[in-house]
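# Understanding the architecture of this molecule
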Amino acid sequence: MRFVKDSFPYLVIMNDLIADKLIDFVKSIGLTVQLQTIEEPTFLPGLVIKQGGLVIDKDKLLYPGDILHEAGHLAVMPPEIREAMDGDLDTAKDFELGGELMAIPWSYAACLYLELEPQLVFHKNGYKSGGESIIANFSQGQYFGVPMLQWIGLCYEPHKAKEYNAEGFPKMLKWLRE
């Protein structure tokens with residue numbers, strides 16, 4: 001990353017602007033964000049979970065969209081679990097609660113809400129190189145994980161929304177599980 005930062009300073013400025021927009025959004029939904037240096041190695045460079053919020057080291061952050069996706073994991077967790085989370089995401093607990101299946105559509109909806117391209121989150125170096133497939137499916141209305149988001153009260157599935165005369169996913173009713 002040093003080469004990019006030294007050779008293309010406009011990329012650093014753009015990444016910082018995008019990161020700031022995402023941080024503002026994450027804070028606005030009720031999650032905490034701290035900007036500080038992270039010394040220990042982390043699963044995602046420049047990001048770690050601390051007391052149910054995000055700690056971000058902007059100098060080490062490679063992909064600003066990772067902020068949104070990790071916030072999605074926290075947002076869909078039950079509050080009592082979210083508040084106790086520290087360090088890298090507890091993948092066993094996340095799997096047990098369907099976190100990844102909810103964090104993906106959550107972060108897709110957040111991109112659209114923020115008027116950002118989904119490639120920001122679903123970049124080529126994430127999702128085991130499946131980001132393009134996720135975007136292609138979601139842009140055609142072929143969603144996964146949305147029934148779980150509906151079950152926890154964050155959105156309506158598109159067909160269920162009609163029953164309530166409401167907008168369905170990717171529109172969200174709220175962003176944080178209570």
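Shown above is the structure to which this text applies.
Here we summarise the structure given alongside this text. (Residues numbered from 1 in each chain as written. Predicted model: local features only at pLDDT ≥ 70, side-chain atom pairs only at ≥ 80, totals over all residues. Heavy atoms only, no water.)

### Notes on the overall build of the protein
Within the protein, the regular secondary structure consists of 9 helices and 3 strands. The helix and strand sequence of the protein, counted from the amino end, reads α-α-β-β-β-α-α-α-α-α-α-α. By the burial criterion, 48% of the 178 residues in the protein qualify as buried. A separation of at least 24 residues holds for 53% of the contacts in the protein among residues at least 6 apart in sequence. Carbon and sulfur atoms form 54% of the exposed surface of the protein, whose accessible area is close to 9700 Å². (Helix = DSSP H or I, 4+ residues; strand = E, 2+ residues; numbered from the N terminus. Buried < 20%, exposed > 50% of the residue type's maximum accessible area, 1.4 Å probe, protein only. Contact = heavy atoms within 4.5 Å. Areas by Shrake-Rupley, 256 points an atom, 1.4 Å probe, with all protein chains shown as cover.)

### Observations concerning the environment of Glu 167
In this fold, Glu 167 is placed in the segment after helix H9 (158-161). Sequence-wise, Glu 167 and Cys 155 are 12 residues apart; in three dimensions their C-alpha atoms are separated by 8.6 Å. Setting aside residues no more than four positions away along its own chain, Glu 167 makes contact with Tyr 156 and Ala 161.

### A few points about the nonpolar core
Phe 25, Ile 67, Leu 68, Trp 106, Leu 149, Phe 169 and Met 172 are the most contacted members of the largest nonpolar core, which has 48 residues in total. For this core, the elements supplying multiple residues, two or more each, are helix H2 (9-28), strand S2 (47-50), strand S3 (53-56), helix H3 (65-76), helix H6 (99-113), helix H7 (131-139) and helix H8 (146-151). No other element matches H6, which puts 7 residues into this core. (Core = buried A, V, L, I, M, F, W, Y, C linked by side-chain atoms within 4.5 Å.)

### Digging into the sheet that holds strand S1 (residues 33-35)
One open sheet accounts for 3 strands, arranged S1-S3-S2; its pairing is mixed. Strands at the two margins of the open sheet, each flanked by one partner only, are S1 and S2. Sheet twist, expressed as the average angle between the axes of neighbouring strands with direction ignored, equals 25°. Judged from the 3 bridges that link them, S1 and S3 form a sheet pairing that is parallel. Looking at the pairing, Leu 35 lines up with Ile 56 of S3. On top of the sheet, H3 reaches S2 and S3; it is set at about 155° to S3, its chief contact. (Pairing = 2+ DSSP bridges. Axes fitted to C-alpha atoms, helices over the stretch in contact; angles between N-to-C directions.)

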